[in-house]
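A look at the structure
Spelled out from the first residue to the last, the chains are:
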Amino acid sequence: MLKRKAAESLEPFSFNYTSYMRTTSKTWRNVAIASVIILILAVVIMTVVIVILIQSQSQANSSDQSPTTAQPPEDDGEEIPGCFPSDALVKTRSRWKTMQELHIGDEVLDLDERGRPVYTEIFAWLRYDLLKHRFVKIITANGITLTLTPNHLIFKLIHHDCATPDNRTVKLSDYEAVLAGEIQEGDVLLQVDSSLNTAHHAVVTEIYSVRGRGAFAPATLSGTLIVDGTLVSSYTSYWFFDLIGHRFIHEIIFAPIRFFYAFLKIVVKHQPIVDAWFSPKYGGTHWYVEIWKRFRSTVS
């Protein structure tokens with residue numbers, strides 16, 4: 001009997017079987033359940049508020065929108081962000097479309113970091129109208145023509161030692177985003193071939209200043225897209241005295257609105273509401289761009 005009691009007293013201590021652990025586990029379990037319930041309620045409330053705001057924004061857009069014929073001519077100037085004319089061509093998964101035919105949610109042709117063709121989704125219109133503006137018309141040696149506003153960002157090869165760079169080493173890291181108005185003859189752009197299977201370098205041979213109709217600025221989830229066969233940025237240089245480049249604009253400044261777009265697509269699941277929130281009023285710029293424009297005006 002004494003041996004049995006001694007053996008029982010020598011059993012290893014197990015903290016899991018104490019009343020303290022049972023009480024503590026139950027307490028934390030209740031806290032976890034309460035936290036989950038509070039989180040769900042917060043998400044539901046936030047969703048309802050966002051839907052109400054979106055509906056009010058949509059109603060405001062529909063009430064304030066004016067017909068195209070009533071729009072007065074708009075003067076060119078720095079207040080017009082980087083855009084493309086209405087007839088600029090973009091390749092979607094189904095077919096080629098003009099800028100005017102594109103919609104939020106369309107997937108358009110793009111290039112990844114290794115220069116391979118991929119598709120990226122349009123999540124917002126930073127601007128669109130059908131007014132007349134001044135554009136830069138860029139023609140490359142292979143006959144491809146790109147038309148865009150002078151302050152739109154386009155990718156140019158940083159260094160090249162010959163008139164025809166090696167197309168076997170196409171990498172986006174070799175390119176820098178510059179203003180279209182700064183492109184000169186002899187600069188090298190990045191384009192896709194007619195089969196849309198590979199990317200290649202293209203030397204600029206001619207540059208003109210032209211007038212065109214429409215100002216369309218689609219923003220993609222990747223921050224870049226192929227317009228008229230040429231890789232361009234979704235953005236303009238209108239940030240902090242034109243010192244901040246494409247990558248910072250995309251990864252930092254526009255990160256919140258991309259996350260907001262992804263959240264709305266999951267929660268709302270109603271494309272007209274998403275379109276209303278991520279499209280500007282006719283003839284204007286996106287509300288998020290307007291916020292940054294006002295901030296720039298304040299700090300400058």
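Refer to the structure presented above.
Description of the structure in this document.

Conventions adopted
- Residues numbered from 1 in each chain as written.
- Predicted model: local features only at pLDDT ≥ 70, side-chain atom pairs only at ≥ 80, totals over all residues.
- Heavy atoms only, no water.
- Buried < 20%, exposed > 50% of the residue type's maximum accessible area, 1.4 Å probe, protein only.
- Helix = DSSP H or I, 4+ residues; strand = E, 2+ residues; numbered from the N terminus.
- Pairing = 2+ DSSP bridges.
- Polar contact = N/O pair within 3.5 Å; in protein donor to acceptor, adjacent residues only side chain to side chain.
- Axes fitted to C-alpha atoms, helices over the stretch in contact; angles between N-to-C directions.
- Parallel < 35°, antiparallel > 145°, perpendicular 65-115°, else oblique.
- Contact = heavy atoms within 4.5 Å.
- Nonpolar A, V, L, I, M, F, W, Y, C, P; charged D, E, K, R; others polar.
- Phe/Tyr/Trp six-rings, centres within 6.5 Å; stacked < 30°, edge-to-face > 60°.
- Salt bridge = Lys/Arg side-chain N within 4 Å of Asp/Glu carboxyl O.

**Section: the pairing of strand β11 (residues 230-236)**
Put simply, side chains in a regular strand alternate between the two faces of the sheet. Counting buried positions over the 7 residues of β11 gives 7, a clear majority of the element. Where strand β6 (residues 152-157) lies against β11, 2 bridges are found, and the strand directions are antiparallel. Across the sheet, His-152 pairs through a bridge with Thr-236, a residue of β11. Bridge count for strand β10 (residues 224-227) against β11 is 4 bridges, and the pairing is antiparallel. Bridge pairing links Leu-225 to Val-232 in β11. Where β10 hands over to β11, the hairpin turn is made up of 2 residues, of which Asp-228 adopts a positive phi near 50 degrees.

**Digging into the environment of Ser-279**
For Ser-279, the location among the structural elements is in the loop between α5 (271-277) and α6 (287-299). Its relative accessible area of 12% is what places Ser-279 among the buried residues. Considered as a pair, Ser-279 and Phe-123 are 156 residues apart in the sequence and their alpha carbons are 9.2 Å apart. A distance of 2.8 Å separates the side chain of Ser-279 from the backbone oxygen of Asp-275, its partner in a polar contact.

**Let's talk about the packing of helix α3 (residues 246-253) against helix α4 (residues 255-267)**
Put simply, α3 and α4 touch, their axes get as near as 5 Å, and they point 45 degrees apart. The pairing of α3 with α4 is recorded here as oblique in orientation. Note on element contacts: α4 touches α3 through Ala-255, Pro-256 and Arg-258, opposite His-250, Glu-251, Ile-252 and Ile-253. Split into classes, the residues belonging to the contact of α3 with α4 amount to 4 nonpolar, 1 polar and 2 charged.

**Focus: the packing of aromatic side chains**
Evaluated as defined, the whole model comprises 8 aromatic pairs. Between Tyr-235 and Phe-254, the aromatic rings sit 4.7 Å apart at their centres with planes inclined by 35 degrees, giving tilted as the arrangement. Here Tyr-235 is found in strand β11, whereas its partner Phe-254 is found in the loop between α3 and α4, with 19 residues between them in sequence. Taken individually, Tyr-235 and Phe-254 each receive the classification buried, so the pair is uniform in this respect. An aromatic cluster of at least three residues, connected via ring pairs, comprises Phe-123, Phe-260, Tyr-261 and Phe-278.

**Some thoughts on the pattern of salt bridges**
Under the criterion given, the structure shown has 9 salt bridges. Residue Arg-116 is joined to Asp-112 by a salt bridge in which the shortest nitrogen-to-oxygen separation is 2.8 Å. Exposure remark for Arg-116: the relative accessible area of 46% places this residue in the partly exposed category. Across the pair Arg-247 and Glu-251 runs a salt bridge whose closest N-O atoms are separated by 3.0 Å.

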